[in-house]
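Architecture and fold: a report
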Amino acid sequence: MKQLSTKVTSNGHGQDSSYFLGWEEYEKNPYDEIKNPNGMIQMGLAENQLCFDLIESWLAKNPDAASLKRKGQSIFKELALFQDYHGMPEFKKAMAEFMEEIRGNRVTFDPKKIVLAAGSTSANETLMFCLAEPGDAFLLPTPYYPGFDRDLKWRTGAEIVPIHCSSSNGFQITESALQQAYQQAHKLGLKVKGVLVTNPSNPLGTALTRRELNLLVDFITSKNIHLISDEIYSGTMFGFEQFISVMDVLKDKKLENTEVSKRVHVVYSLSKDLGLPGFRVGAIYSNDDMIVSAATKMSSFGLVSSQTQYLLSALLSDKKFTSQYLEENQKRLKSRQKRLVSGLESAGITCLRSNAGLFCWVDMRHLLDTNTFEAELDLWKKIVYNVKLNISPGSSCHCTEPGWFRVCFANMSEDTLDLALKRLKTFVESTDCGRMISRSSHERLKSLRKKTVSNWVFRVSWSDRVPDER
Amino acid sequence: MGILSRKATCNTHGQDSSYFLGWEEYEKNPYDEVKNPDGIIQMGLAENQLSFDLIESWLAKNPEAANFEREGQSIFRELALFQDYHGLPSFKNAMADFMSENRGNRVSFDPKKLVLTAGATSANETLMFCLADPGDAFLLPTPYYPGFDRDLKWRTGVEIVPIQCTSANGFRITKSALEEAYKQAQKLNLKVKGVLITNPSNPLGTTTTRTELNRLLDFVSRKNIHLISDEIYSGTVFTSTGFISVLEVLKEKKLENTDVSKRVHIVYSLSKDLGLPGFRVGVIYSNDDIVVAAATKMSSFGLISSQTQYLLSALLSDKNFTKNYLKENQIRLKNRHDKLVSGLEAVGIECLKSNAGLFCWVDMRHLLRSNTFEAEIELWKKIVYEVKLNISPGSSCHCNEPGWFRVCFANMSEETLKVALIRLKMFVDGPSSTTRSQSEHQRLKTLTKMKVSNWVLRLSFQDREPEER
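Predicted, not measured: the structure shown is a model, and the values here were computed from it.

1. Some details on the domain arrangement of chain B
Residue and element names in this part refer to chain B. Under the domain assignment used here, chain B contains domain 1 (6–53 + 327–428) and domain 2 (63–322). On a C-alpha basis, the centres of domain 1 and domain 2 stand 25 Å from each other. Across the boundary between the two partners, domain 1 contributes 34 residues, which contact 37 residues of domain 2. Summing both sides of the interface, domain 1 and domain 2 together bury roughly 3000 Å²; the carbon and sulfur share of this comes to 60%. Three residues, Lys7, Asn355 and His398, lead the burial of domain 1 against domain 2; their summed loss comes to 20% of the area buried on that side. Counting the contacts that link domain 1 with domain 2 gives 18 residue pairs in polar contact (both at pLDDT 80 or more). Going through the elements one at a time, α14 (319–345), β12 (359–363) and β15 (404–408) are the ones with two or more residues in the side of domain 1 that touches domain 2. Top contributing element to the side of domain 1 that touches domain 2 by residue count: α14, with five residues.

Right under this line is the structure:
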């Protein structure tokens, strides 16, 4: 008789993908400025290490929060016993207000509709358990975060059907792509329960446009399905545009308190904005009482440590801190992103124009030997093993076009970033030399022109244009 | 089309049971010595509130642990970024050592076989996901912790088939009960994947005997199934006879490194021994590498906050602290247990003789109007609403005999316990409609039956051969 479950013996955890293999290579030979200057530089980890000093300085000024005290009195016992899955009221209130602040206080979040979870990994899985039966499907725009294959599918039995997005329109979600994905699900005999978007997007680093959000809300209305908006990167928006949450759109369309609004759920976490992935703080926000109730009970399987809830409720309740943090975080992210983008440009590499996130979506199509995923993996291996940079190949994010890579910029020092860029430039220059010799002039010109045109089309027509329907 | 999943809309979370309803009543009218002296006293919460001072004093002497410091240096960033599902090495080492210490260092735990989870709730569910497919079954001895209905079944689709235990032999697990449960599962067309026991037992408060453990190992050996031993109360054993872990028995039977040993898994947590349920610290220990690997990946869905891992690795690495804590905790639990037992005896109420846990398994069969679960619920309601004590009725623990209740003793002050006992005394001594309405014959019969069972229990508790029934 089979000893272990099917979940264990199959590969549903998805961790054989290159996304994770690159990490393993890094672990074997990690870069260290002093101890291992020739080691691999980790550019595959979407961490925000830019603003720890702000939190550390707050901690130094507010020692009670970490030492389990309130106004000098020990509340250790109270915290040690607090396991109420409704969560600490002060913490939920502080989270709700922080989420509002990130959205310019244009929308409100009711703390009673927040469900805490041990990270958004837990939040996303819990939502799947609440919304889908095994065999049901959620539509996700590609490219998407590789972890979703595990988080949404592994133990829940739910399926993911991709909404194909392409570089021809800056990877924006189109109506036809949505419809196509829906039909594809049907062809596969799968019941579609909803759409899940990450806004701002991982790995694209772009916030969804108002147009796309409207499209999505209309789509789920007409199909009578759910919309999950994972807004884990909402506090990393650094472009001059404001972050538009799906909640903004519901409000603008006067859909609050309607049936549709009950099918829109937001996921959040402090892992990216505040750079605290170790503390395991995630949240589900839903207007549907039944979901809030079921998810609350399910949160028993992944509650946030009361020690951590207390610390962060103190931190986030300090409005001076949050307002200063959000502003400074934005500045530093913007500056760092610019550094990466210009460094890449000087190596003849362009990125998708981005306004959020902790990474850039980098176009290395011109460095591929052929327009295939095999060539992408070949290039990736060269970059990992020869250039010694761990970056994430687009195929691991289910991108439909070979040649795109996600490169993180917020998880290292400026010096390390500069070194990484130097290594990359050296590599590209050596490759270009090689390629120029092996390819005919005609082909090279053709390919250069094509690249120039696409980027020009991007740059001019990015923000408020009508995306081509393809 | 159903908008929400069946899991979201069904009742398998089990939270409509009386176990939880009693809590709700308490929430509406909680006892407070000063502000609400007539409120409901919570005796349904298995918390250990007896030894916080020991931890608080350690914290006062070791402020670094809570302040993200190591040897005077801030390690805030390191902790803030630490989300490795393999867990903080220093914490796993400390946990492995602590678990060993809890077992008198008679067995050792390899930190590499430990998987950290957000509480035993998460650990148990994760083990189900690893060992069973939807529709498979695990056998559990009754009575058992009501939360298992949710933790083991809800999202996993796994079924629980009870191993019926009775007061006739002190609720010991017998060979025939095991076989019967297995047959019952087959009748229900369920593939049995293993047995799950809680040792020490919740709600019984008794440690599993060596005989039972041998019996269980033989059983899972023969049937080629798993054995999960939830040892969450291992540090609450307060008699010198002590706690025997299934790992010890494996060692004694020279079964270490065999196939059987790969099918034995331990679950642990700091919620009961250390009284830290809010910190969400649970553990799976398995000799099967595949299970460890899978459970480790699954722990992504419920990792322990690195802030908490660091604090507790410092606490548990302090051997002076752990040694003193385990000893003192044991003394205080015994003391409190004895107070409850003698207080109950004084009003003619017996308990199952216990040597562990944070509660007693109390025999109130003689107070039932009839030997039925309806009568049990009736009595329970009286105790909740009239006596104003929230205790847990045996039926919520799937006990197959009406009249047993789990009463907690470690989650309140000594004074509060006294108040509770006084109220109970008033209830029992006072004019009882139950006693009046029963015929003299029936009452004597009940009393005699009760005396014999308890006498049998008392004499034959420790190392006897339990009757096979």
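2. Topic: the pattern of salt bridges
Residue and element names in this part refer to chain B. Applying the stated criterion to the full structure yields 45 salt bridges over all chains. One salt bridge in this structure joins Glu125 and Arg155, with 2.7 Å as the shortest N-O distance. Residue Glu125 is found in helix α6 (residues 119–131), and its partner Arg155 is found in the loop between α7 (148–153) and β6 (159–163); the two are separated by 30 residues along the sequence. With respect to burial, Glu125 and Arg155 carry one shared label: buried. Between Arg332 and Glu328 there is a salt bridge, with its nearest N and O atoms 3.0 Å apart.

3. Some words on the domain arrangement of chain A
Residue and element names in this part refer to chain A. Splitting chain A by domain gives domain 1 (4–49 + 330–425) and domain 2 (51–320). Measuring from the centre of the C-alpha atoms in domain 1 to the corresponding centre in domain 2 gives 25 Å. Between domain 1 and domain 2, the contact holds 33 residues from the first and 38 residues from the second. A combined buried area of about 3300 Å² lies between domain 1 and domain 2, and 59% of that area is made up of carbon and sulfur atoms. Linking domain 1 with domain 2 are one salt bridge, by the criterion used here. Taken together, the links from domain 1 to domain 2 amount to 19 residue pairs in polar contact (both at pLDDT 80 or more). Mapped by element, the contributors of at least two residues to the side of domain 1 that touches domain 2 are α14 (319–345), β12 (359–363) and β15 (404–408).

4. Re helix α13 (residues 306–317) of chain A
Residues and elements named next belong to chain A. An ideal rise of 1.5 Å per residue puts 16 Å on 12 residues; α13 measures up with 16 Å between its terminal C-alpha atoms. Counted residue by residue, α13 has 10 buried out of 12 residues, so it is predominantly covered. Regarding α13, the residues found buried are Ser306, Gln307, Thr308, Gln309, Tyr310, Leu311, Leu312, Ser313, Leu315 and Leu316.

5. Here's the deal with the environment of A:Ile75
All names here are of chain A. Tracing the backbone shows Ile75 in the loop between β3 (73–74) and α5 (76–81). Taking relative accessible area as the criterion, Ile75 reaches 7% and is therefore assigned buried. Residues Ile75 and Glu328 lie 253 residues apart in sequence; the distance between their C-alpha atoms is 32 Å. Each residue touching Ile75, except ones within four places of it in the same chain, is listed here: Leu68, Lys69, Arg70 and Tyr310.

6. Here's the deal with the nonpolar core
Proteins that are soluble and globular tend to have nonpolar side chains buried together. The biggest cluster of nonpolar side chains holds 207 residues, and the ones touching the most others in it are A:Leu139, A:Val195, A:Leu270, A:Met364, B:Leu139 and B:Val195. Setting aside chain neighbours within four positions, we find A:Leu139 in contact with A:Val161, A:Ile163, A:Leu178, A:Ala181, A:Tyr182, A:Ala185, A:Val192, A:Gly194, A:Val195, A:Leu196 and A:Phe219. Judged by nonpolar contacts, the second largest core, of 101 residues, contains B:Phe148, B:Leu196, B:Phe359 and B:Leu367.

7. Quick notes on the state of the cysteines
All names here are of chain A. Summed over all chains, the structure comprises zero disulfides over all chains. Sulfur of Cys351: no disulfide; nearest cysteine sulfur belongs to Cys360 and is 4.3 Å away. Among the residues examined, Cys351 registers a relative accessible area of 16% and is labelled buried.

8. Some words on the side chain of A:Ser305
Note that A:Ser305 resides in the loop between α12 (289–298) and α13. Here B:Thr308 takes part through its side chain, which lies 2.7 Å from a polar atom of the side chain of A:Ser305. Non-local contacts of A:Ser305, meaning those with residues more than four positions away in its chain, are made with B:Gly278, B:Phe279, B:Arg280, B:Ser305 and B:Thr308.

Calculation criteria
- Residues numbered from 1 in each chain as written.
- Chains lettered and ligands numbered in written order.
- Predicted model: local features only at pLDDT ≥ 70, side-chain atom pairs only at ≥ 80, totals over all residues.
- Heavy atoms only, no water.
- Domains from an automatic or database assignment.
- Contact = heavy atoms within 4.5 Å.
- Buried area = accessible area lost by both parts, 1.4 Å probe.
- Polar contact = N/O pair within 3.5 Å; in protein donor to acceptor, adjacent residues only side chain to side chain.
- Helix = DSSP H or I, 4+ residues; strand = E, 2+ residues; numbered from the N terminus.
- Salt bridge = Lys/Arg side-chain N within 4 Å of Asp/Glu carboxyl O.
- Buried < 20%, exposed > 50% of the residue type's maximum accessible area, 1.4 Å probe, protein only.
- Expected span 1.5 Å × (residues − 1).
- Core = buried A, V, L, I, M, F, W, Y, C linked by side-chain atoms within 4.5 Å.
- Disulfide = S-S within 2.5 Å.

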